[in-house]
Structure formats: C-alpha cells, structure tokens
Amino acid sequence: QFESVFRSADKRPLRYEPRAVRRVLVVTDVDEAATEAFTARLERFLSALGPDVQWSQAGGDRTRPVAELIALVEDQAPDLVCTWRNLHSEAWRWPYSLGVHLDVLTQHCAAPVLVLPHPAAGRGGAHDLTGTRVVMAMSSHMTGDDSLVNAAVAFTQVDGTLWLTHVEDEQAFEHVMAAIGKIDSIDTDEARERLAAQLLKEPRDYVASCADVLKEAGITLTVESVVALGHHLPEYERLVREHSVDLLVMHTKDEDQLAMHGLAYPLAVGLVDTPLLLL
C-alpha cells in the first residue's frame, strides 16, 4: 500500500525548453513564382516563430526525385520543412494517403515536417493559413511528453490557445476489463472505476503542470485540456473540428517500425483540411 501511495504521488512536471526554429525549407512541386507566393503565406501563418527565421525554397522538378529531395533536406539541415500533402502526385483528389514523398520525408529526415492542404484541392476557410491562434498537441501518451508540448508552444501565437489532448483507448481498456472480469478475486466494478480514474489522473496532472510551468516561464498563452476515455480516431477528429484547430501537432516516428507512428497516419490522411506539424 505504501508503494502504491508513493508511486501515485510521484508527479513528473513539464520540463519546458524553448524550441527555436531558425531555418525553414519550403518544398513545392510548382514553379519559382508560385513557390515564393506560398512562402509568403507561410511566413504570415508561422509568425509565432518570430522575425529571425531564414527561409529557403525548392520547387518544381528539382524536388521530384525522392532521393534528390532527401539529399537537399540533409544538405540544408533545416529546423523545419514545409510542404503540402501529395507532393508531385494527383492523389490529393482522394483522402487515402500523404504521398510517397511525405512518407519518406517524415520518417527519414530529423527535421519536423509541416504539412499543408494541397493548393489544388481548394480547401480554405478557417484553416487558410491565417495564423496559429489555436494549436492542438495530440498524444495517447501525453504524460511526460515534453518534446511534443515544447514544439506546440513554439508554434502557438502570443495570447493564443494551446490544447493538450490525451484520449485513452477505450477499446484497449475494455479488453483489459474483460480479462479482469474473469478473475474471481478482483471486484470488477471497483477495478473499473479505480483503473479508469488512475489512467486519466496521470495525464491530467501532467497537463496541469504544463499550465503552471508555462505561466512561470512568462509564456502568454491559454492552456486548455481534454483528457478522456474514448475511441482514438473519431474523438481526435471531432476535437480538431470542434475547436477550429489551426495546427495539429503530433509525433510520427516510431522506434519499433519504419512506417509512421500508429495513430498519426490515419489522422494525417483523414484531416485533409488541417495543417499538421509532424514531429
């Protein structure tokens, strides 16, 4: 009992480290003039990064071969790569993929990738690169994910709103409860209540620490949170649309596989109207 109480009281707060973005590479599949116009829109959209950002561009056929695109990114070593979904592809007409170039880029290169809606798709409205007043950081393991929070903070405008969202997988929870229900020495109802409470308590404590630490650091933004039990994909899609999110931030690299991190890929494919920061 003492060990359980001790572990429950062990709360790891956010370790805030300002994340500087100094060099941004804009990658397109259009000519120089169109690439420059897109870069100008990006500069307005990413004004939260500050005035000292160095912008460089690469467009047209120069970025068509995947190997040359990767070599270009590695040579320039940017802090951020900006492009749009389905680069050098007509697949933007269908919501089934990000395209080969982005699949490789997000997994091979160390720099985060900002993915915008394809310009030919005509997807504007609330997410038409007007700014990053509402940023959402998404994780199914929010507790202790300092790198995710620090990145989201860096991209949120002054006096903007940062949503920290953690959705515990309800299907996985029910699978565990089904197993517990078959153990006669465990009170199933009590186990359900206490396990659900503990699973949600840890991310709630961490998110609360984020608000406190950022306030102490003088970061002028509003921290909001959603910590809930639910179905991952539909719940995150609902939250993004409900809060008119300007930028969704999430991890995409998985140490155990070469493909994009589990939940990130269907979200990235499905949220065709929303700018994505893929870490």
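Criteria and thresholds
Residues numbered from 1 in each chain as written. Predicted model: local features only at pLDDT ≥ 70, side-chain atom pairs only at ≥ 80, totals over all residues. Heavy atoms only, no water. Helix = DSSP H or I, 4+ residues; strand = E, 2+ residues; numbered from the N terminus. Rg over C-alpha atoms; globule rule 2.2 N^0.38 Å. Buried < 20%, exposed > 50% of the residue type's maximum accessible area, 1.4 Å probe, protein only. Contact = heavy atoms within 4.5 Å. Areas by Shrake-Rupley, 256 points an atom, 1.4 Å probe, with all protein chains shown as cover. Lys, Arg positive; Asp, Glu negative; His and termini not counted. Charge placed at Lys NZ, Arg CZ, Asp CG, Glu CD. 1 Å grid on protein atoms, 1.4 Å probe; cavity = no way out; pocket = protein on both sides within 12 Å on 5 of 7 lines; lining within 4 Å. Points joined across faces, edges and corners; volume = space filled by probe spheres on them. Nonpolar A, V, L, I, M, F, W, Y, C, P; charged D, E, K, R; others polar. Polar contact = N/O pair within 3.5 Å; in protein donor to acceptor, adjacent residues only side chain to side chain. Axes fitted to C-alpha atoms, helices over the stretch in contact; angles between N-to-C directions. Parallel < 35°, antiparallel > 145°, perpendicular 65-115°, else oblique. Left-handed = near helix turned anticlockwise from the far one by under 90°. Pairing = 2+ DSSP bridges. Right-handed = clockwise from strand over helix to strand, strands pointing away. Core = buried A, V, L, I, M, F, W, Y, C linked by side-chain atoms within 4.5 Å.

**A few points about the overall build of the chain**
Item 1. On a plain count of helices and strands, the chain comes out with 9 helices and 9 strands.
Item 2. The C-alpha atoms of the chain give a radius of gyration of 20 Å, which matches the 19 Å a tight globule of 279 residues would have.
Item 3. Looking at the chain residue by residue over its 279 residues, the buried ones come to 45%.
Item 4. Sequence-distant contacts, at least 24 apart, represent 81% of the contacts inside the chain between residues at least 6 apart.
Item 5. Here the chain displays about 14200 Å² of accessible surface, and carbon together with sulfur accounts for 51% of that area.
Item 6. Looking at charge distribution, the chain has the averaged site of its 24 positive side-chain charges lying 2 Å from that of its 42 negative ones.

**Thoughts on the layout of surface pockets**
Item 1. Of the voids in this model, the largest pocket is the one considered here, and its volume is about 350 Å³.
Item 2. Lining the largest pocket are 18 residues, with Y16, A48, V153, A154 and T156 sitting closest to its centre.
Item 3. Considered class by class, the residues forming the lining of the largest pocket number 11 nonpolar, 5 polar and 2 charged.
Item 4. Its boundaries defined by the atoms lining it, the second largest pocket holds a volume of some 250 Å³.
Item 5. Taken together, I186, D187, E190, A191, R194, L195, A197, Q198 and K201 make up the lining of the second largest pocket.

**Remarks on the side chain of H118**
Item 1. Within the secondary structure, H118 is located in the loop between β4 (113-116) and β5 (134-139).
Item 2. By relative accessible area, which is 9% here, H118 ends up buried.
Item 3. Of note is the side chain of H118, whose polar atom sits 3.1 Å from the backbone nitrogen of A120.
Item 4. Aside from chain neighbours lying at most four places away, what touches H118 is D29, W84, R85, N86, S89 and W92.

**What about the packing of helix α6 (residues 170-180) against helix α7 (residues 188-216)?**
Item 1. The N-to-C vectors of α6 and α7 enclose an angle of 150°; their axes lie 10 Å apart at closest approach. Accordingly, the angle class assigned to the pair α6 and α7 is roughly antiparallel. Viewed along their axes, α6 and α7 form a crossing whose handedness is right-handed. Along the contact surface, α6 presents F173, E174, V176, M177 and I180, while α7 presents T188, A191, R192, L195, A196 and L199.
Item 2. The residue makeup of the contact of α6 with α7, split by class, is 8 nonpolar, 1 polar and 2 charged.

**Some remarks on the pairing of β4**
Regular strands place their side chains on alternate faces of the sheet.
Item 1. What you see with β4 is no split at all: V113 and V115 on one side and L114 and L116 on the other are buried throughout.
Item 2. Sheet analysis places strand β3 (residues 80-84) next to β4, joined by 4 bridges and oriented parallel. Paired with W84 across the two strands is L116, which belongs to β4.
Item 3. For the crossover that starts at β3, traverses helix α4 (residues 100-108) and ends in the parallel β4, the hand is right-handed.
Item 4. Where β4 meets strand β9 (residues 276-278), 3 bridges bridge the pair, whose relative direction is antiparallel. If you follow V115 over to β9, its bridge partner there is L276.

**Thoughts on the sheet that holds β3**
Item 1. A sheet is described by the order of its strands in space; here 9 strands give the open sequence β2-β1-β3-β4-β9-β8-β5-β6-β7, paired in mixed fashion. The strands lining the two open edges of the sheet, one partner per strand, are β2 (54-58) and β7 (222-230). Direction aside, neighbouring strands of the sheet carry axes that sit 20° apart on average.
Item 2. Lying over the sheet, helix α3 (residues 66-76) contacts β1 (23-27), β2 and β3, oriented at roughly 165° with respect to β1.
Item 3. Its contacts with the sheet place helix α8 (residues 232-242) against β5, β6 (161-169), β7 and β8 (247-250), and it is angled at close to 165° to β6.

**Some details on unusual backbone geometry**
Item 1. One non-glycine residue, N86, lies in the positive phi region at around 55°.
Item 2. Looking at where N86 falls in the secondary structure, it is placed in the loop between β3 and α4.

**Things to note about the nonpolar core**
Item 1. In this structure, L80, L105, L114, F155 and M250 are the most contacted members of the largest nonpolar core, which totals 74 residues.
Item 2. Take this core: its biggest share by element is 6 residues, from helix α5 (residues 146-154).
Item 3. Every residue in contact with L105, bar those within four places of it in the chain, is listed here: L69, I70, V73, V81 and V113.
Item 4. Counting 5 residues, the second-largest nonpolar core is a separate cluster that includes M177, I180, A191 and A196.

**Section: the side chain of T252**
Item 1. Among the secondary structure elements, T252 is positioned in the loop between β8 and α9 (264-270).
Item 2. Its relative accessible area of 0% is what places T252 among the buried residues.

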